[in-house]
Amino acid sequence: AQKITQTQPGMFVQEKEAVTLDCTYDTSDPSYGLFWYKQPSSGEMIFLIYQGSYDQQNATEGRYSLNFQKARKSANLVISASQLGDSAMYFCAMREGRVYNQGGKLIFGQGTELSVKP
Amino acid sequence: NAGVMQNPRHLVRRRGQEARLRCSPMKGHSHVYWYRQLPEEGLKFMVYLQKENIIDESGMPKERFSAEFPKEGPSILRIQQVVRGDSAAYFCASSPPRGPYEQYFGPGTRLTVT
């Protein structure tokens, strides 16, 4: 059964430093997609970055990058140069199947609460 | 380009009443998803719809819950005879009609059952 695990309930980082949020996943499907979302205290879910299982390179989006290690089934989010506005819950999610052929449900992890210190 | 719209943002219902949650997807998006978030938990998938079709309802409780996405108008998540355990944040997401079908979320509806 597909599963997403985020083992860090809470993390602290100093402003302007980089931080890595861990995510491991389990699936028997060779085709899948991995997504990261940010949920600030206001409650909305903001899409950050996507990585496909067949993508050769790690995804990057501005200050966000995804450290994808397929053999270890991990998809860690790296935030560079942390800002105070990065303080939020961060969720890792997975979708099985041919992600470029069809839509489908996301399975979410439990989330990691990131606090950025000034 | 407006994002995913959900209304109401907050909804209070007494036990036994009905709750109707509405979701308008982003312009050009034809896929709609509903998720529920209980306090201190991640989001749990409920249902995936396209216009006039339910594609996947594997996460929907068997009773009291229903969803639709009509040809015209918003998607509706309907909860009949609400109970206290239904209190949660309900999020709607939509995705474009092409891969990787990334999902964009609305602000959520916070349902409180008293």
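This section reports on the structure supplied with the text. (Residues numbered from 1 in each chain as written. Chains lettered and ligands numbered in written order. Predicted model: local features only at pLDDT ≥ 70, side-chain atom pairs only at ≥ 80, totals over all residues. Heavy atoms only, no water.)

### Observations concerning the overall build of chain B
Secondary structure summary: chain B contains zero helices and 11 strands in total. Listing the helices and strands of chain B from first to last along the sequence gives β-β-β-β-β-β-β-β-β-β-β. Here the C-alpha radius of gyration of chain B, 13 Å, is about what a compact globule of 114 residues would show, namely 13 Å. For chain B, the C-alpha atoms occupy an extent of roughly 40 × 25 × 25 Å along the three principal directions. Taking as baseline every contact in chain B between residues at least 6 positions apart, the subset at least 24 positions apart corresponds to 52%. (Helix = DSSP H or I, 4+ residues; strand = E, 2+ residues; numbered from the N terminus. Rg over C-alpha atoms; globule rule 2.2 N^0.38 Å. Contact = heavy atoms within 4.5 Å.)

### Some thoughts on unusual backbone geometry
For the bond from N7(B) to P8(B), the omega torsion is -5 degrees, close enough to zero to count as cis. Tracing the sequence through the fold places P8(B) in the loop between β1 (5-7) and β2 (10-13). One non-glycine residue, K16(A), lies in positive phi territory at about 80 degrees. Mapped onto the elements of the fold, K16(A) is located in the loop between β2 (10-14) and β3 (19-21).

### Thoughts on the packing of aromatic side chains
By the definition in use, this model includes 14 aromatic pairs over all chains. Ring centres 6.3 Å apart and planes at 55 degrees place the aromatic pair F35(A) and F47(A) in the tilted group. Linking F35(A) in strand β5 (residues 32-39) with F47(A) in strand β6 (residues 46-52), this pair joins segments that are 12 residues apart in sequence. Here the aromatic rings of Y37(A) and F108(A) are separated by 5.8 Å at their centres, their planes lie at 50 degrees, and the arrangement is tilted. Here Y37(A), found in strand β5, pairs with F108(A), found in strand β11 (residues 107-108); they are 71 residues apart in sequence, far enough to count as distant. Per residue, the accessibility class of Y37(A) equals that of F108(A), and both read buried. An aromatic cluster of at least three residues, connected via ring pairs, comprises F35(A), Y37(A), F47(A), Y50(A), F91(A), F108(A), Y35(B), F45(B), F91(B), Y104(B) and F105(B). The positively charged end of R63(A) is found above the aromatic ring belonging to Y64(A), 5.8 Å away from the centroid. Above the plane of the ring of F12(A) lies K117(A), whose end atom (NZ or CZ) is 4.9 Å from the centre. (Phe/Tyr/Trp six-rings, centres within 6.5 Å; stacked < 30°, edge-to-face > 60°. Buried < 20%, exposed > 50% of the residue type's maximum accessible area, 1.4 Å probe, protein only. Lys NZ or Arg CZ within 6 Å of the ring centre and 35° of its normal.)

### What about the environment of K73(A)?
Residues and elements named next belong to chain A. In this structure, K73 sits in the loop between β8 (64-69) and β9 (74-79). Each C-alpha atom of the pair K73 and C23 lies 8.5 Å from the other, and the pair is 50 residues apart in sequence. A distance of 3.5 Å separates the side chain of K73 from the side chain of D26, its partner in a polar contact. Among the polar contacts listed, one links the side chain of K73 to the backbone oxygen of T27, at a separation of 3.0 Å. (Polar contact = N/O pair within 3.5 Å; in protein donor to acceptor, adjacent residues only side chain to side chain.)

### Considering the environment of E41(B)
By secondary structure assignment, the location of E41(B) is in the loop between β4 (31-37) and β5 (43-50). Taking C-alpha positions, E41(B) is 21 Å from I79(B), a pair spaced 38 residues apart along the chain.

### Some remarks on the environment of A71(A)
All names here are of chain A. One can find A71 in the loop between β8 and β9. In this structure A71 comes out as exposed when scored by relative accessible area, which is 83%. For A71 and K105, which are 34 residues apart along the polypeptide, the C-alpha to C-alpha distance reads 24 Å.

Interpretation note: all reported values are geometric properties and have no functional meaning in isolation.
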